[in-house]
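# Structural features, examined
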Amino acid sequence: MKAISPVIRLNPVDDVVIARQQLISGTVLQDEGGLKVQGLIPAGHKLATRAIAAGEPVKRYGQIIGMASQDIAPGQHVHTHNLAMAEFSREHHFGADVKPVDFVAEPATFMGIVRPDGRVATRNYIGVLTSVNCSATAARAIADYFRRDIHPEVLADYPNIDGVVALTHGEGCATDSQGEPLQILRRTLAGYATHPNFAAVLVVGLGCETNQISGLMESQNLKEGEYFHTFTIQGTGGTAKTVALGIEKIKKMLPKANDIRREPVSARHLTLGLQCGGSDGYSGITANPALGAAVDLLVRHGGTAILSETPEIYGAEHLLTRRAVSPEVGEKLLARIAWWEEYCAKNDAEMNNNPSAGNKAGGLTTILEKSLGAVAKGGTTNLVDVYKYAETVTARGFVFMDTPGYDPISATGQVAGGANVICFTTGRGSAYGCAPAPSLKLATNTALWQRQEEDMDINCGEIADGNVTPQEIGERFFQMILDTASGKKTKSELHGYGQNEFVPWHIGVYT
């Protein structure tokens, strides 16, 4: 058997290779023509394969990830000390890589929950939402009454209910009543209020907030009903009365909410939210391509996947526009990029501020490098539409939603848009969950898997270890998605994650 190379080369034209494990100075890389390592190279980090002069572009994935800020010798560590962000022109050839989708004759199935109106759920929660931060405490008190870890007897007769969750936030007042921030909040709340994974919903307000419940209902075409109730603290007569009213309303809804059964449904009813957090140098090599392979499978089976985190596709958007099914779709994506450039300029920020301290410790250097790895989550199929934050996703196939790169905000928008499973890759060890949608976490490296297996659902580090391909892990993960959608609990669900991770995007100013 041929020994596995200590480095990974991603493209023949690349100027760097990636260390599979820590490399010490003097190590000779036979697969790279006898290249000698100069200095200590941490696992997941880059080293130069040729002499690179200051000002020259540096390539990884066959794409530019930055410019050398000083001369770099062959075998030297390439990182923040000698590689800098630099803008360069990118050609946006709309539709150049569009190809027919090879749909399967008989789509896969999962055991889903079919609502009376035909919507399909992967979970069966009761939700308590708030119109404003001022009603958050009351909403939490209502939900806490039904917590199985505190009051196990309350839901003992309702085993088919996954839980009662309060999704609170810090917004809803001191903002323009006609402005975009309030529109985004209302769109987000409506997406959750109508999410199939909620069997019933309460919306609790204070009463005097800018985000009046009546305005929320009217603007989002929501209507009260047997399993959708709204009320306010001021209208009910105080906090204690509000909590008591909420508890009683949920008690009355429990029997019908519990009366569900799972049945085989097509995978076309699955909508994945694609996330990456705590990314490292392995993310674009292992977990992201493996998730992309699973996305390609899902699209072939008629399902939908949502790529997001606009600052984390910056510098790689030209790869997505090549997959756009029309110039209009490509232009919609570029319009969101332009919005972010203007947004950053107005706030004295830079797109290259995105890589976090953890990203850099894991081997990532610039936003260009991070983005090129991040887009791999989206697989290779056609980009069929682009959505604003929390807009309802109606297209089937691979789509994009404009969100920040901060994972809780991004995933909140995806779930509001209809995602019923979140798939989250991580190299540093993000701990995350997202009620009411189950969240699966993919570890990018085996060291992370061994260290933090209690939070990870699958180890994609086997790819870097040379044991499997991204396609093989992708097939395995696709089955895991089906099992999760059928009711199997994820690691984050077992730990109780989900309520605190509801974070709508606030883009405005307080007044």
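First, a word on what this report is: a plain description of the structure on this page. In this text, all values refer to a predicted model and were calculated from it rather than measured experimentally.

This brings us to the overall build of the chain. Along the chain, the regular secondary structure elements total 15 helices and 23 strands. In terms of C-alpha radius of gyration, the chain reaches 24 Å, essentially the compact-globule figure of 24 Å for 511 residues. With the principal axes as the frame, the chain shows a C-alpha extent of 75 × 50 × 45 Å. Burial analysis of the chain (511 residues in total) assigns 58% to the buried set. Residue pairs at least 24 apart in sequence account for 71% of intrachain contacts in the chain once pairs closer than 6 positions are excluded. For the chain, the exposed area adds up to about 20000 Å²; of that, 50% sits on carbon and sulfur atoms.

Let's shift gears to the pairing of strand E2 (residues 16-19). Sheet topology places strand E1 (residues 7-8) next to E2; 2 bridges connect them, and they run antiparallel. Considered in E2, the bridge of Ile8 is made with Ile18. When E2 meets strand E5 (residues 46-48), the two strands line up antiparallel, connected through 3 bridges. Opposite Val16, over in E5, you have Ala48 as the bridge partner.

The next point concerns the sheet that holds strand E13 (residues 163-167). With parallel pairing, the 4 strands of this open sheet are ordered in space as E13-E12-E14-E15. Edge positions in the sheet fall to E13 and strand E15 (228-232), since each of these pairs with one other strand and no more. Within this sheet the neighbouring strands show an average axis-to-axis angle of 15 degrees, counted without direction. Relative to E15, strand E14 (residues 198-205) runs parallel, the two being bridged by 5 bridges. The residue bridging Val204 from the neighbouring strand is Phe231, located in E15. Contacting strand E12 (125-130), E13, E14 and E15, helix H1 (residues 136-144) crosses the sheet at an angle of about 170 degrees to E13. Against the sheet, helix H2 (residues 180-193) engages E12, E13, E14 and E15, with an angle of about 160 degrees to E12.

Taken as a whole and judged by the stated rule, the model has 21 salt bridges. Between Glu248 and Lys251 there is a salt bridge, with the nearest N and O atoms lying 3.7 Å from each other. Of the two residues, Glu248 and Lys251 both sit in helix H5 (residues 239-258), 3 residues apart, roughly one turn of that helix. On the basis of relative accessible area, Glu248 is assigned to the partly exposed category, the value being 40%. With a shortest N-O distance of 2.7 Å, Asp385 and Lys332 are connected by a salt bridge. Here Asp385, found in strand E19 (residues 383-387), pairs with Lys332, found in helix H8 (residues 327-346); they are 53 residues apart in sequence, far enough to count as distant. By relative accessible area, which is 35% here, Lys332 ends up partly exposed.

Parameters and conventions
The numbers attached to residues start from 1 for each chain and follow its sequence in the written order. Whole-chain, interface and lining totals are the exception, using all residues; otherwise, since this is a predicted model, local features are given only for residues with pLDDT of at least 70 and side-chain atom pairs are given and counted only at 80 or more. Side-chain figures throughout are based on the complete set of non-hydrogen atoms in the structure, without hydrogens or water. Helix numbering and strand numbering both begin at the N terminus, where a helix is a DSSP run of H or I of at least 4 residues and a strand a DSSP run of E of at least 2. Radius of gyration means the value over C-alpha atoms here, while the globule rule gives 2.2 Å times the residue count to the 0.38 power. Relative accessibility decides the category of a residue: with a 1.4 Å probe and only protein chains considered, values under 20% of the type maximum give buried, values over 50% give exposed, and everything between is partly exposed. Any two residues whose heavy atoms approach within 4.5 Å are treated as being in contact. Here the open area of atoms and residues is found with the Shrake-Rupley method and a 1.4 Å probe, where only the protein chains shown may cover a residue. Only strands joined by at least two bridges in the DSSP assignment are considered to pair. Between N-to-C directions, angles span 0 to 180 degrees; the directions come from axes that are lines fitted to C-alpha atoms, helices contributing only their stretch in contact. The rule for a salt bridge is simple: a side-chain nitrogen of Lys or Arg has to be within 4 Å of a carboxyl oxygen of Asp or Glu.

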